[in-house]
Amino acid sequence: MIKKYILAICAAVGAGIALGAAYWAQQAGLFDFHTLLIYKDALVAYVAEYPWRALMIYMAIYTVESSLALPISGLLTVAGGYLFGAALGATAAILSATVGATLLFLSTRYFLGRFFESLYAQRLPAIHGEFRQYGGWYLVVLRLIPMMPFFLTNILAALSPISLEAYIVGTIIGVVPSTVLLAIAGRELTALHSMSDIFTPHVIGAFLLMAAVVLLPLLLYRVVWPRISSSRFFVD
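Owing to the predicted nature of the structure, the values given are computational and were not obtained by experimental measurement.

Student: I'd like a rundown of the packing of aromatic side chains, residues and numbers included.
Tutor: Following the criterion strictly, the structure yields seven aromatic pairs and no others. Ring plane angle 50 degrees and centroid distance 5.1 Å describe the contact between Tyr46 and Tyr50, whose orientation is recorded as tilted. According to the relative accessible area criterion, Tyr46 is partly exposed, its value standing at 31%. These aromatic residues form a ring-pair network of at least three members: Tyr58, Tyr62 and Phe84. Lying across the ring of Tyr50, Arg53 places its NZ or CZ 4.3 Å from the centre. The ring of Phe150 has Arg143 sitting right over it, with the charged end atom 4.3 Å from the ring centre.

Okay, here's the thing in structure tokens:
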């Protein structure tokens with residue numbers, strides 16, 4: 001028990017230090033779209049000289065960002081698409097986001113559960129009911145349609161009955177559409193002037209189409225199939 005509390009305190013202190021450093025870096029403009037444009041040539045040169053090292057550094061930064069829920073995932077995904085190409089950049093971002101989210105999930109479930117249970121006590125009954133009814137598909141919906149912040153979804157999922165396997169699969173499926181589109185947009189980095197330039201009508205339409213494809217099985221299983229199976233055609 002004592003060891004568990006010591007680990008929780010160490011995790012909280014480490015997270016606090018990382019958040020403080022991230023806040024300083026953001027205030028200093030290190031995680032800014034214009035900073036990315038300024039240093040893009042130097043970054044490209046580093047990737048060309050040390051491709052695997054650069055990829056590992058990128059994934060480590062992305063994992064930390066996801067586990068601490070820093071508001072720079074979009075920028076990192078665009079940078080990954082530009083530096084490593086859309087396919088590799090998107091893959092690295094998806095894997096890193098999943099690992100980071102899973103770290104927060106596990107730390108909440110096994111170390112910080114009581115703290116967050118008291119903090120979000122009013123939301124938990126409704127969230128538990130949704131996860132019991134829909135399982136990992138409810139997590140997919142929360143990822144695709146951000147009704148709550150990414151980090152809050154991770155925390156509430158950790159307090160729910162969802163299994164670790166369903167959480168990981170749901171996270172991967174849920175982050176794929178937006179990550180792929182941002183990585184593809186990153187290939188045109190030199191033509192962009194701000195993050196808002198990415199969200200053109202074509203990009204938004206493509207995202208909605210991909211989200212619809214992902215959600216279609218849930219719609220068929222939960223809405224269409226019960227009505228069909230209860231119709232006279234299926235009655236002996």
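What follows picks up the thread again.
Student: Explain the packing of helix H8 (residues 136–144) against helix H10 (residues 164–186) to me, using residue names and the numbers behind them.
Tutor: Two quantities define a packed helix pair, namely the angle between the axes and the distance from one axis to the other. Two elements in contact, H8 and H10, have axes whose closest approach is 8 Å; the angle formed by their N-to-C orientations is 30 degrees. The pairing of H8 with H10 is recorded here as roughly parallel in orientation. For H8 against H10, the interelement crossing comes out right-handed. Contacts between H8 and H10 involve Gly136, Leu139, Val140, Arg143 and Leu144 from the first element and Ala166, Tyr167, Gly170, Thr171, Ile173, Gly174, Val175 and Pro177 from the second. In terms of residue class, the contact of H8 with H10 is made up of eight nonpolar, four polar and one charged.

Student: Hey, could you go over the pattern of salt bridges for me, with residue numbers and the actual values?
Tutor: The final tally for this structure, using the stated rule, is one salt bridge. The salt bridge partner of Lys40 is Asp41, with a shortest N-O separation of 3.3 Å.

Student: Talk me through a nonpolar patch on the surface; I want residue IDs and the actual numbers.
Tutor: Together, Tyr46, Tyr50, Ile57 and Ile61 make up an exposed nonpolar region whose accessible area comes to about 320 Å². You can see Ile61 is positioned in helix H3 (residues 51–68).

Student: I'd like a rundown of the environment of Glu165, residues and numbers included.
Tutor: With respect to the helices and strands, the residue Glu165 is situated in helix H10. Judged by its relative accessible area of 57%, Glu165 falls in the exposed class. As a C-alpha pair, Glu165 and Gly136 span 29 residues in sequence and 8.9 Å in three-dimensional space.

Cut-offs and rules
Residues numbered from 1 in each chain as written. Predicted model: local features only at pLDDT ≥ 70, side-chain atom pairs only at ≥ 80, totals over all residues. Heavy atoms only, no water. Phe/Tyr/Trp six-rings, centres within 6.5 Å; stacked < 30°, edge-to-face > 60°. Buried < 20%, exposed > 50% of the residue type's maximum accessible area, 1.4 Å probe, protein only. Lys NZ or Arg CZ within 6 Å of the ring centre and 35° of its normal. Axes fitted to C-alpha atoms, helices over the stretch in contact; angles between N-to-C directions. Helix = DSSP H or I, 4+ residues; strand = E, 2+ residues; numbered from the N terminus. Parallel < 35°, antiparallel > 145°, perpendicular 65-115°, else oblique. Left-handed = near helix turned anticlockwise from the far one by under 90°. Contact = heavy atoms within 4.5 Å. Nonpolar A, V, L, I, M, F, W, Y, C, P; charged D, E, K, R; others polar. Salt bridge = Lys/Arg side-chain N within 4 Å of Asp/Glu carboxyl O. Patch = residues over 30% accessible without salt bridge, like charges linked within 9 Å, V, L, I, M, F, W, Y side chains within 5 Å. Areas by Shrake-Rupley, 256 points an atom, 1.4 Å probe, with all protein chains shown as cover.

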